[in-house]
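# Structural overview for review
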Amino acid sequence: MVAACFMITLVLYTVATVSFLSYSLRRSEALSQVSLGLTAVGFAAHTFVLGARMFAASSSAPPSFPEALSFFAWMIILVLLVVEFRHQIHVLGSFMVPLAVVSLVLAAALPETEPTLQPVLKTLWFHVTLSMLGAVGFTVAFVAGVMYLIQDRLLKSKQFNVLYSKLPALDFLDHLNQQSIVLGFPLLTLGIVTGAISAQIARGSYVSWNPEQTWALVTWLFYFIVLLGRLTVGWRAKRAAYLTVIGFACVVLTLVGVVLKGHGVLS
Amino acid sequence: MHLIVVGLSHKTAPVEIRERLAVPESRLGEALTRLCSYPGVKEGVLLSTCNRVEVYSVVDDIEAGYGRIQEFLADAHLSLSSEQLTPHLYWHTGDRAIGHLFRVAASLDSMIIGESQILGQLKGAFEVALAHKTTGVIMNKVVKKAISVAKRVRTETKISEMAVSVSYAAVELAKKIFSNLHEKTVLLVGAGEMAKLAARHLIAHGVGHVRITTRTPQHAVELAAKFGGTAVPFDQFKDDMASADIVLVSTGAAHYLVGAEDVHRAVRERMNRPMFLIDISVPRNIDPAVRHVDNAFLFDIDDLKHRVEQNRAERVQEAEKAEKMVLEEVTTMLDWMKSLEVTPTIVALRTHVDDLKRAEVNKVLARLPHLSSQDRELVEGLASSIVNKLIHRTMVTLKTEVNSSSGPAFVEAARRFFALDQQPAPTQSIKTCTEPPRYQAKGSAESGVEDADPETSTHKQAR
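In what follows, the accompanying structure is described. Source: prediction; values computed, not measured. (Residues numbered from 1 in each chain as written. Chains lettered and ligands numbered in written order. Predicted model: local features only at pLDDT ≥ 70, side-chain atom pairs only at ≥ 80, totals over all residues.)

### Section: the pairing of strand E9 (residues 275-279) of chain B
Residue and element names in this part refer to chain B.
- E9 sits mainly inside the fold: 5 of its 5 residues count as buried.
- Burial of E9 is two-sided: the residues Met275, Leu277 and Asp279 facing one way and the residues Phe276 and Ile278 facing the other way are all buried.
- As paired elements, strand E8 (residues 246-249) and E9 share 4 bridges and run parallel to each other. Residue pairing in the sheet places Val249 in a bridge with Asp279 of E9.
- Inspection of the sheet shows E9 paired to strand E10 (residues 296-300) by 5 bridges, in the parallel sense. Following the sheet pairing, Asp279 is matched in E10 by Asp300. (Buried ≥ 20, exposed ≤ 12 C-beta atoms within 10 Å, placed from the backbone. Helix = DSSP H or I, 4+ residues; strand = E, 2+ residues; numbered from the N terminus. Pairing = 2+ DSSP bridges.)

Next up, the structure:
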């Protein structure tokens, strides 16, 4: 049942991706409602999957990486639906839903691994949830950054095409970028702190400089500088957009580190 | 009663003719009163804009009415003879007149399709006519309907969404850079007509602060007062640029007033907040190298024109949808006008009361089976006589008021008092508009006669 629902979710998100992409490339507004409807139904199925896992007995077991990815995808769609509800920016779906699909596909493809830090269940829960929420913030910032760069390019080159008319105003995207980092950064900070505490309890040391931890700290430092730059010397607009795209690469590398560690390659 | 429109527009007359015929707003009332003083002219609305002068009127007789209105138009302008005027005039009656008014209101007949001014102008013309009591039941209904059709077209199609004037294109672009114009500041450098128009559009869309600089300080102060902004000394405006989100340049200078370095500095001072620069001067006043400055978006007059061209093409597509809506609305309007005709109303009233009478008489007679045939006739006679007396005044009034200006009002009243529209009205062959109305400049007598044909005219049967 849960597995079937997971497949339904994946299929719905995939169809919604196609629908959103063709919405962005065609002048007609008709597809926006179809795409949103598909996403919303998919989201409901997804919520059921996650809810079932939560309640399914082993709620005491810490979340596996695929489960964390599934949660990540769920949050991405939640953010999309909230922003959509408040600002009606349909084109956002064309960027966010594909990301949710990718992370769900990975969640399905990666083998379920037993977490290495077995004994400290509570803090591990916090660590995974908070880190993933931080990653969601940076992902939304990345999407806003990419959209910003596209719109900036279209305006500069005076290409008033369909995408131009559908993308929102530059300052909205810059604001979305800033808000996402402002929310994502403290969450990642807490995620790293709880991760370090878990490591201390399990292994006796806060930091062991494996790829996951190294990249997590690099990511943290990077966004710290980005945030500081924005608030003090005006790293906003185009520069902020570029920086968040680079920052997202750090996030991805951190997650790759998690996978490698899970497989015991580098532990 | 016939609805007729006589006029000329940018499609049929050059500006030299239009400007001589245009009636200034201050003299509209007087002109309307004069129009309605012509015999046979019952109602009138005069629409006078820079692109069209049209008289919408309700007249007793189409041909006589056309003559009168033509006379009225020529009379107002002694410099223009009837012979000079006639070749430029077009005229429509009945469904085509309604269709024409709807298309005009919906801005389908405008020089720039989908522009929004015409609706305001029509409302203005209608208000003047109302104030001078030159409208009656028909004009009131038709013009109000035209306004609602225009609104429908605007909400259900994208015809007015896209900017089709250079000054408005600036607003559209501004909205792609700033999601909310309320907190934004626009700096006007120089004040050409187009720049002022663009500034007005920006203010109408919420721009909060206006700063103005011109070479003549006095001029800037005057303009600042007009726009509710502040004047900036011309030699200081470059230092002031950082405070402006939108910079609108249009001076007569023959060289670049704003260089890439100036913009670069301003953007830096703004902590990289985007800046929107519009250069509508020819020769250009902003160095094109500004394009390469990050977070500064420069558009010159050609960029804006290019945007306008694209939008125009899209509007034409939307106009096709709008035309279909107009046709639908004309049909509903015709149904209403049909109901205003006197003869069918009298017939309907007669049938209505006869039906009532028969039903009541039958009911009573069924209860009194013992009556002799003589008594039965008596009862029937009684009923007939009461019914006839009751409707007598209404019938007489309808017949005598047929040709008066308040005729349609009486018809409407009678139909409502007796609830005549709740039953199928007597059928009549009315030719409805099944194809897009054709508009041609009418000078020839033949085309006039063609329009006066009872088949196409809506109200012939009423008389």
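### Structural notes on the nonpolar core
- Core analysis: the largest hydrophobic core is formed by 117 residues, its most contacted members being Ile76 of chain A together with Leu248 and Leu277 of chain B.
- Among the elements that take part in this core, helix H5 (residues 121-156) of chain A stands out by supplying 14 residues, more than any other.
- Leave out the neighbours within four places in its chain, and Ile76 of chain A touches Met96, Leu99, Ala100, Val136 and Thr139 of chain A.
- Within the second largest apolar cluster, 66 residues are counted, among which are Ala31, Val58, Ala125 and Val143 of chain B. (Core = buried A, V, L, I, M, F, W, Y, C linked by C-beta atoms within 7 Å. Contact = placed C-beta atoms within 7 Å.)

### Re the pairing of strand E3 (residues 52-59) of chain B
Residues and elements named next belong to chain B.
- The buried count for E3 comes to 8 of 8 residues, which makes it a mostly enclosed element.
- As paired elements, strand E1 (residues 2-9) and E3 share 8 bridges and run antiparallel to each other. Looking at E3, one finds that Gly7 is bridged to Glu54.
- Judged from the 7 bridges that link them, strand E2 (residues 41-48) and E3 form a sheet pairing that is antiparallel.

### Points about the interface of chain A and chain B
- With 14 residues of chain A in contact, the opposing surface of chain B contributes 17 residues.
- Elements represented by at least two residues in the side of chain A that touches chain B include exactly H5, helix H7 (170-203) and helix H9 (237-262) of chain A.

### Describing the packing of helix H6 (residues 117-131) of chain B against helix H7 (residues 137-156) of chain B
Residues and elements named next belong to chain B.
- Two elements in contact, H6 and H7, have axes whose closest approach is 11 Å; the angle formed by their N-to-C orientations is 165°. On the basis of the axis angle, H6 is roughly antiparallel to H7. Crossing hand, H6 versus H7: left-handed. From H6, Leu119, Leu122, Lys123 and Phe126 reach across to H7, where they touch Val143, Ala146, Ile147 and Ala150.
- Each residue belonging to the contact of H6 with H7 can be placed in one class, and the counts come to 7 nonpolar, no polar and 1 charged. (Axes fitted to C-alpha atoms, helices over the stretch in contact; angles between N-to-C directions. Parallel < 35°, antiparallel > 145°, perpendicular 65-115°, else oblique. Left-handed = near helix turned anticlockwise from the far one by under 90°. Nonpolar A, V, L, I, M, F, W, Y, C, P; charged D, E, K, R; others polar.)

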